[in-house]
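Analysis of the macromolecular model
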Amino acid sequence: AVLCTASAQASPWEEVAHPNRRRCAQLIDEASQLRDARQWKPAAQAARVAAALCPSDREVLQSAGELLLGAREYVDGRQRLERARRLADAAAGTHARECSLAFHLGFAREITGDLEGAIEEHRRLEAMGGLPAPNQYLVHYNLGDELMASGRLGEAIEEYRRAVTLAPSKPVLRLALAVALDRDEQIDQARVELSGALAFDPDLHSLTAEDYVFVPPGDVYYYKALALNERGSTAEARLQLRTFLTETPASPYAAHAAERLAEAEHRVDP
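A brief report on the enclosed structure follows. (Residues numbered from 1 in each chain as written. Predicted model: local features only at pLDDT ≥ 70, side-chain atom pairs only at ≥ 80, totals over all residues. Heavy atoms only, no water.)

Quick word on the layout of surface pockets
Selection rule: The pocket and cavity definitions rest on a 1 Å grid over protein atoms only: a 1.4 Å probe that fits but cannot leave marks a cavity, an open set with protein on both sides within 12 Å along at least five of seven lines marks a pocket, and residues lining either have an atom within 4 Å of a point. Grid points are joined across faces, edges and corners, and a volume is the space filled by probe spheres set on the points. Runs of H or I in DSSP of at least four residues are treated as helices and runs of E of at least two as strands, each being numbered from the N terminus. Only Asp, Glu, Lys and Arg are considered charged in this grouping, and only Ala, Val, Leu, Ile, Met, Phe, Trp, Tyr, Cys and Pro are considered nonpolar; every other residue, Gly among them, is considered polar.
Reported here for the largest pocket is a volume of approximately 1100 Å³. Taken together, 32 residues make up the lining of the largest pocket; nearest its centre are Gly70, Phe103, His104, Leu138 and Asp211. At the level of secondary structure, the elements contributing two or more residues to the lining of the largest pocket comprise helix 4 (58-70), helix 6 (95-111) and helix 8 (137-149). Residue contributions to the lining of the largest pocket peak at eight residues, all from helix 6. Within the lining of the largest pocket, the residues separate by chemical class into 16 nonpolar, seven polar and nine charged. In this structure, the second largest pocket encloses a volume near 310 Å³. Surrounding the second largest pocket, 16 residues form its lining, Asp182, Leu226, Asn229, Arg260 and Arg267 being those nearest its centre. Broken down by secondary-structure element, the contributors of at least two residues to the lining of the second largest pocket are helix 11 (187-200), helix 12 (219-231), helix 13 (234-247) and helix 14 (254-265). Ranked by residue count, the leading element in the lining of the second largest pocket is helix 12, at five residues.

Considering the state of the cysteines
For the record, the criterion: We call a pair of cysteine sulfur atoms a disulfide whenever their separation is within 2.5 Å. Under the scheme applied here, a residue whose accessible area is under 20% of the maximum for its type counts as buried, over 50% as exposed, and between as partly exposed, the area being computed with a 1.4 Å probe on protein chains only.
Applying the stated criterion across every chain yields a total of one disulfide. A sulfur-sulfur distance of 2.0 Å marks the disulfide that ties Cys24 to Cys54. On the S-S bond that ties Cys24 to Cys54, the torsion sits near 100°, and the link is right-handed. With Cys24 in helix 2 (residues 21-36) and Cys54 in the loop between helix 3 (40-53) and helix 4, the pair connects residues that are 30 residues apart, well separated along the chain. Exposure remark for Cys24: the relative accessible area of 0% places this residue in the buried category.

Structural notes on the side chain of Glu110
Which entries qualify depends on this criterion: Counting rule applied: Lys, Arg positive; Asp, Glu negative; His and chain ends not counted. Think of a salt bridge as a Lys or Arg side-chain nitrogen and an Asp or Glu carboxyl oxygen that are within 4 Å of each other. We call two residues contacting when some pair of their heavy atoms lies within 4.5 Å.
With respect to the helices and strands, the residue Glu110 is situated in helix 6. Summary of buried charges: Glu110 has no salt-bridge partner, and the nearest side chain of opposite charge, Arg72, is 11 Å away. The residues touching Glu110, leaving out its near neighbours within four places in the chain, are Leu115, Ala118, His122, Asn142, Glu146 and Val215.

Section: the nonpolar core
Definition in use: Nine residue types can take part in a nonpolar core, namely buried Ala, Val, Leu, Ile, Met, Phe, Trp, Tyr and Cys, and a core is a set of them joined through side-chain atoms within 4.5 Å.
Judged by nonpolar contacts, the single largest core of 50 residues is most densely connected at Tyr137, Tyr141, Met148, Tyr160, Leu173, Leu207 and Tyr223. Take this core: its biggest share by element is nine residues, from helix 10 (residues 171-183). In contact with Met148, other than residues within four places in its own chain, are Leu153, Ala156, Tyr160, Ala176, Val179, Ala180, Arg183, Asp219, Tyr223 and Tyr253. By size, the runner-up hydrophobic cluster in this structure holds 25 residues, among which are Ala50, Leu61, Leu101 and Phe107.

Comments concerning the packing of aromatic side chains
In plain terms, the rule: Note on ring pairs: Phe, Tyr and Trp rings are taken, using the six-membered ring of Trp, and paired if centres are within 6.5 Å. Classes follow the plane angle, with under 30 degrees stacked, over 60 edge-to-face and the rest tilted. When the NZ atom of lysine or the CZ atom of arginine is within 6 Å of a ring's centre and also within 35 degrees of its normal, the charge is said to sit over that ring.
Under the definition given, this model contains five aromatic pairs. Centre to centre, the rings of Phe214 and Tyr223 are 5.0 Å apart; their planes meet at 70°, and the pair counts as edge-to-face. In this structure, Phe214 and Tyr223 share a single accessibility class: buried. What links up through ring pairs into an aromatic cluster is the set Tyr141, Tyr160 and Tyr212. The ring of Tyr222 has Arg183 sitting right over it, with the charged end atom 4.7 Å from the ring centre.

Take a look at the structure:
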């Protein structure tokens with residue numbers, strides 16, 4: 001009886017302390033349904049309204065941030081997730097939600113240019129045991145991208161290898177590992193991984209899939225160049241290398257790409 005009374009009395013106080021919580025939960029539910037229907041614009045709008053109504057609710061902010069990332073509203077998504085991180089640091093949630101926050105905030109930081117912040121968050125996720133099946137490989141793949149973009153090839157190769165071990169049939173992981181090995185001048189090992197990737201994906205469909213975001217975006221041209229060169233399409237590979245150098249002139253791998261282009265200039269496409 002005492003417990004029932006306490007429960008009955010808690011509800012009005014909850015409404016006073018968090019007057020918009022029920023409405024926010026409804027908005028997040030609506031946004032999730034719209035996301036599932038791939039109606040990204042109204043989903044993003046509902047997520048924004050929920051976050052504005054409940055600016056101190058970690059769960060609402062996190063859900064809104066994740067929905068905004070799905071809609072490719074990366075800056076807005078990161079803002080909500082950063083606020084969720086501050087609240088989570090003060091009062092942690094369930095293990096599953098902590099893992100989800102670390103993964104999505106790390107990705108949001110990565111895609112908005114904060115590589116060190118992304119690495120920090122994804123290392124946090126690694127320390128928690130990573131993501132559940134079947135997505136265990138994702139944190140290692142993302143870390144590989146972040147570390148390679150930061151110029152830390154040795155660490156990137158290690159993470160990519162872990163990703164490939166966990167998901168050996170995903171060609172983009174082998175391509176990423178091949179690119180890192182190539183840039184590290186491990187040419188023979190790079191060609192082994194390229195052969196494996198092309199066996200699964202000879203037409204390079206994985207490089208145009210919406211599931212993958214390249215860091216920096218211009219890196220996709222180097223991936224294509226390496227794969228096309230291995231396939232014998234030298235003229236197309238040269239075009240991709242030139243585009244890479246135009247799109248990412250400040251890349252730590254620009255000089256390496258220029259060397260690859262110079263080599264390709266001396267080969268005739270059959």
